[in-house]
Amino acid sequence: MEFDELSRRVIGCAIEVHRNPGPGLLESTYRQCLACELSHAGVLFQMEVPLPVRYKDVLLDCGYRIDLLVRSDLIVEIKSVETLLPIHQAQILTYMRLARIPIGLLMNFNVTKLQNGIKRFVL
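This report concerns the structure included in the present document. (Residues numbered from 1 in each chain as written. Predicted model: local features only at pLDDT ≥ 70, side-chain atom pairs only at ≥ 80, totals over all residues. Heavy atoms only, no water.)

### With respect to the sheet that holds strand β6 (residues 103-108)
One open sheet accounts for five strands, arranged β1-β4-β5-β6-β7; its pairing is mixed. Pairing within the sheet leaves two strands with one partner each, and these edge strands are β1 (45-50) and β7 (118-122). If you compare each strand with its neighbour and ignore which way they point, the axes differ by 25° on average. Both β6 and β7 contribute to a ladder of five bridges, which runs antiparallel. Following the sheet pairing, leucine 105 is matched in β7 by arginine 120. Here helix α2 (residues 27-40) sits on the sheet and contacts β1, β4 (65-70), β5 (74-79) and β6; the angle it forms with β1, its principal contact strand, is near 145°. Helix-sheet contacts for helix α3 (residues 86-99) involve β4, β5, β6 and β7, and the interaxial angle to β5 is about 150°. (Pairing = 2+ DSSP bridges. Helix = DSSP H or I, 4+ residues; strand = E, 2+ residues; numbered from the N terminus. Axes fitted to C-alpha atoms, helices over the stretch in contact; angles between N-to-C directions. Contact = heavy atoms within 4.5 Å.)

This is the structure we're talking about:
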């Protein structure tokens, strides 16, 4: 499956999640619901994947977690905030760089229309 197709499938699952409970819930709720939708769609993923930080050739477990890692090809970072800030974009870009994964989706579920809360990143 190509990256564009994979991204579209994940976004489709996210839209289905957003239609059901709607905005206003916790990030952890949307993560669980999206995991359920991805499972039903037959999309392979892992939740809360540990992301060590490499500092001067030493791997450090600093407690960072990738919300969803889809097929080892796509990072999905989930938010439920009033507005996405530049720090949220910096976070996903840093996660992508540390994990050496070139594609990422930043999704803010706390919007009236989910399409307005999705940003795609490519390294």
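### Structural notes on the pairing of β6
Most of β6 is tucked away, with six of its six residues classed as buried. For β5 and β6, the ladder comprises six bridges, and the chain directions are parallel. For glutamate 77, the partnering residue across the bridge sits in β6 and is leucine 106. Between the parallel pair β5 and β6, the chain is carried across by α3, and the sense of this crossover is right-handed. (Buried < 20%, exposed > 50% of the residue type's maximum accessible area, 1.4 Å probe, protein only. Right-handed = clockwise from strand over helix to strand, strands pointing away.)

### Structural notes on the packing of aromatic side chains
Counted according to the given criterion, the structure contains two aromatic pairs. Here the aromatic rings of tyrosine 30 and phenylalanine 109 are separated by 4.6 Å at their centres, their planes lie at 10°, and the arrangement is stacked. Taken together, the positions of tyrosine 30 in helix α2 and phenylalanine 109 in the loop between β6 and β7 put the pair 79 residues apart, joining distant regions of the chain. Considered together, tyrosine 30 and phenylalanine 109 belong to a single accessibility category, that of buried residues. Note on tyrosine 64 and tyrosine 95: the rings are 6.1 Å apart at their centroids and 65° apart in plane angle, and the pair reads as edge-to-face. In this pair, tyrosine 64 is assigned in the loop between β3 (58-60) and β4 and tyrosine 95 in helix α3, connecting sequence segments 31 residues apart. A relative accessible area of 38% means that tyrosine 64 is categorised as partly exposed. (Phe/Tyr/Trp six-rings, centres within 6.5 Å; stacked < 30°, edge-to-face > 60°.)

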